[in-house]
Amino acid sequence: MDVDTGKRFPLRILLAEDNAINQQVLFRLLQRHGYTADVVSNGLEALNAASRQSYDVCLMDCFMPEMDGLEATRHIRQRIHPCPVIVAVTAAALEEEKKACLQAGMHMYIAKPIRAEQLMRTLYKCWQVKTREINIESLQQEILSAPSSHFNYY
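Starting from 1, residues in each chain are numbered consecutively following that chain's sequence as written. Only residues with pLDDT of at least 70 are given local features in this predicted model, and only at 80 or more are side-chain atom pairs given and counted; all residues enter the totals for whole chains, interfaces and linings. Calculated side-chain values reflect all of the structure's heavy atoms, with hydrogen atoms and water omitted.

Undergrad: How would you explain the side chain of Glu 17 if you had to name every residue and give the values?
TA: For Glu 17, the location among the structural elements is in the loop between strand S1 (13-16) and helix H2 (20-32). If near-sequence neighbours (up to four positions away) are discounted, Glu 17 is found in contact with Asn 22, Gln 23, Val 40, Ser 41, Asp 61, Met 64 and Lys 112. Elements are defined by DSSP. Helices are runs of H or I of four residues or more, strands are runs of E of two residues or more, and each kind is numbered from the N terminus. Pairs of residues are marked as contacts when any of their non-hydrogen atoms sit within 4.5 Å.

What follows is the structure, encoded as structure tokens:
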């Protein structure tokens, strides 16, 4: 994938991350591949942003102040239609955390530290959902059936 990836597979992205360094790292990874993102620092800001503008993807940190990513996801899934593909972005990589993310309504899961190829594979799957090449339900089944060692590949 290269700087034209964002042109070939366009997505409107919301990045919800409370850590300034993680925000910069993810934002720069996105920029290097031709994407841009609106950046917010907590779940409440993510909910407000998603209420004001339509996004294809929300990269959602799970543990943030004010409103965590799990709670923000529940609200977004209830209130925002069409709902963006919500990707859990977290350092927690245990089976229980993965299930908690999916039970909250997150569609996909990637573990920190984020690698460029991992992020681009995830965004490509989001683009496939957007263009209806794959449906979100089959993607979630794929994630639920994957062994824990494979989480960070989705």
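Undergrad: Could you give an account of the confidence of the model for the protein, naming the residues involved and the relevant values?
TA: How sure the predictor is of each residue is captured by pLDDT, a score from 0 to 100. Chain-level statistics for the protein give a pLDDT mean of 87 and a share of 88% at 70 or above. Within the model, the stretch residues 148-154 combines pLDDT values under 50 with 20 contacts to residues more than four positions away or in other chains.

Undergrad: Describe the pairing of strand S5 (residues 108-111), listing the residues and the values that go with them.
TA: Side chains Met 108 and Ile 110 of S5 all project onto a buried face; the interleaved residues Tyr 109 and Ala 111 project onto the opposite face, where all are buried too. Strands were regarded as paired on the criterion that DSSP finds at least two bridges between them. The pairing of strand S4 (residues 85-90) with S5 spans four bridges and is parallel. Within S5, the residue paired with Thr 90 across the bridge is Ala 111. Type-normalised accessible area, obtained with a 1.4 Å probe on protein chains alone, sets the label of each residue: buried when under 20%, exposed when over 50%, and partly exposed for intermediate values.

Undergrad: Break down the packing of aromatic side chains for me, citing the residues and quoting the values.
TA: The criterion for an aromatic pair is that two Phe, Tyr or Trp rings (for Trp, the six-membered ring) have centres within 6.5 Å, with stacked assigned to planes under 30 degrees apart, edge-to-face to planes over 60 apart and tilted to the rest. This model, assessed by the stated rule, comprises three aromatic pairs. With 4.8 Å between their ring centres and 70° between their planes, Phe 9 and Trp 127 make a pair best called edge-to-face. You can see Phe 9 sitting in the loop between helix H1 (5-8) and S1 and its partner Trp 127 sitting in helix H6 (residues 116-130), a full 118 residues away along the chain. Overall, Trp 127 belongs to the buried group, its relative accessible area being 14%. One aromatic cluster is present, built from ring pairs that chain together Phe 9, Tyr 124 and Trp 127.

Undergrad: Lay out the sheet that holds S1 with the relevant residues and their values.
TA: The parallel open sheet is built from five strands, whose spatial order is S2-S1-S3-S4-S5. Here the strands that pair on one side only, and so sit at the sheet edges, are strand S2 (37-40) and S5. Across the sheet, the mean angle from the axis of one strand to that of its neighbour is 20°, orientation sign disregarded. The convention used is that axes are lines fitted to C-alpha atoms, helices contributing only their stretch in contact, and that angles between N-to-C directions extend from 0 to 180 degrees. Against the sheet, H2 contacts S1, S2, strand S3 (57-61) and S4, and its axis sits at roughly 175° relative to S2.

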